[in-house]
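So you can see what is in the structure, the chains are spelled out below.
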Amino acid sequence: MDLCNYHTHCDFCDGKAPAEEFVKAAVAAGFHSYGISSHAPLPFRTNWTLERERVPAYLAEVERLKRKYAPVMELYVGMEIDYVTEEWNPSSAYFRELPLDYCVGAVHFVAGAGGEFMDIDGPADIFQANMRRLFDGDLRRLVEAYFDASERMVEAGGFDFIAHPDKIAMNALTVDAEVTEREWYENRVRAYFALVADRGVMMEVNTKVYRQRGMMFPDRRYFKWLGEMGVPLLVNADTHVPEYVNDGRAKAFEWLSEAGVRSTMRLRKGKWEEVAIND
Ligand SMILES: [Zn+2]
Ligand SMILES: [Zn+2]
């Protein structure tokens, strides 16, 4: 099992410990490379993103750690950048000019009535209240808006891999327990993945909530499609606590292997490369 992870939130955003604690945990777990990916600044304030004024301190701290841990592990600095609007997304000049080793493209916000944004992640009761208020309670319209934004992100580019591509399923399932079985939903996901495959973009398998909910994003049911479509995949823990740097990884590799996926992606000397799963 290839030991690496490029999705980490330390205390520069909503992670629960300093970056160095995650690096130490990764070294202890035998990782060959590791990436810190704070939530990038947004055009509005939140309590879970890196503020723009703190970006230089973030970059300097990971640079310090890169040097300190170079003898034992490759360390990389990235950001998880939201696609918000055509002006604010991973392809924006501000992000392109930052000295990042890699970028993660993510959709957490979807615009509803009046252009107001709702966060599709977070507590289910807030998701449901916002769905009623901004989408007239129409789950399908909200899900379609989420995948529309995801497709705009892929078209705009500017990132290395997609974070948790079907994360909306987590809260959507609290509204309709069979939503992911519905034909329209499946067609929508498949069309999105076909676009991703066409653009040659990488996608992560996100294991963050496997421990509590037994789910991954993308859902395990899509692994076979993704393998057949040739979408390059990597396995990430999206960890917010150092103890979980390796969470769900073995299970993800087991499921990928069962689905016929033969390789995953990793960084080596600053370049993405393919590694066979059964090496
Ligand atoms: Zn995310
Ligand atoms: Zn994240």
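Above this text you will find the structure in question.
So, here's what we can say about the structure. What you see is a predicted model, and the numbers here were worked out from it, not measured in a lab.

Observations concerning the sheet that holds strand 4 (residues 102-106)
One open sheet holds the 7 strands; their spatial order is 1-2-3-4-7-8-9, and the pairing between them is parallel. For this open sheet the edge positions go to strand 1 (4-5) and strand 9 (233-236), each flanked by a neighbour on one side alone. When strand 8 (residues 202-206) meets strand 9, the two strands line up parallel, connected through 4 bridges. Residue M203 lies in a different strand from strand 9, and its bridge partner there is L233.

Points about the coordination of the zinc ion (ligand 1)
Within the protein, the zinc ion (ligand 1) binds to E80 (OE), H108 (NE2) and H164 (NE2); these donor distances fall in the range 2.1 to 2.3 Å. Summarised as a motif, the one-chain spacing of the donors to the zinc ion (ligand 1) is E-x27-H-x55-H. Separating the zinc ion (ligand 1) from the zinc ion (ligand 2) is a gap of 3.3 Å, which E80 spans by donating to each of them. You can see E80 sitting in strand 3 (residues 74-82) and its partner H108 sitting in the loop between strand 4 and strand 5 (109-111), a full 28 residues away along the chain.

A closer look at the environment of F127
Tracing the chain through its elements places F127 in helix 4 (residues 124-135). Distance in space between the C-alpha atoms of F127 and T180 is 17 Å, their sequence separation being 53 residues. Apart from the residues within four sequence positions on either side, F127 is in contact with M118, D119, I120, L139, L142, I168, N171, A172 and V175.

About the cut-offs
Residues numbered from 1 in each chain as written. Chains lettered and ligands numbered in written order. Predicted model: local features only at pLDDT ≥ 70, side-chain atom pairs only at ≥ 80, totals over all residues. Heavy atoms only, no water. Pairing = 2+ DSSP bridges. Helix = DSSP H or I, 4+ residues; strand = E, 2+ residues; numbered from the N terminus. Donors = N, O, S within 2.8 Å, 3.2 Å for Na, K, Ca; no water. Contact = heavy atoms within 4.5 Å.

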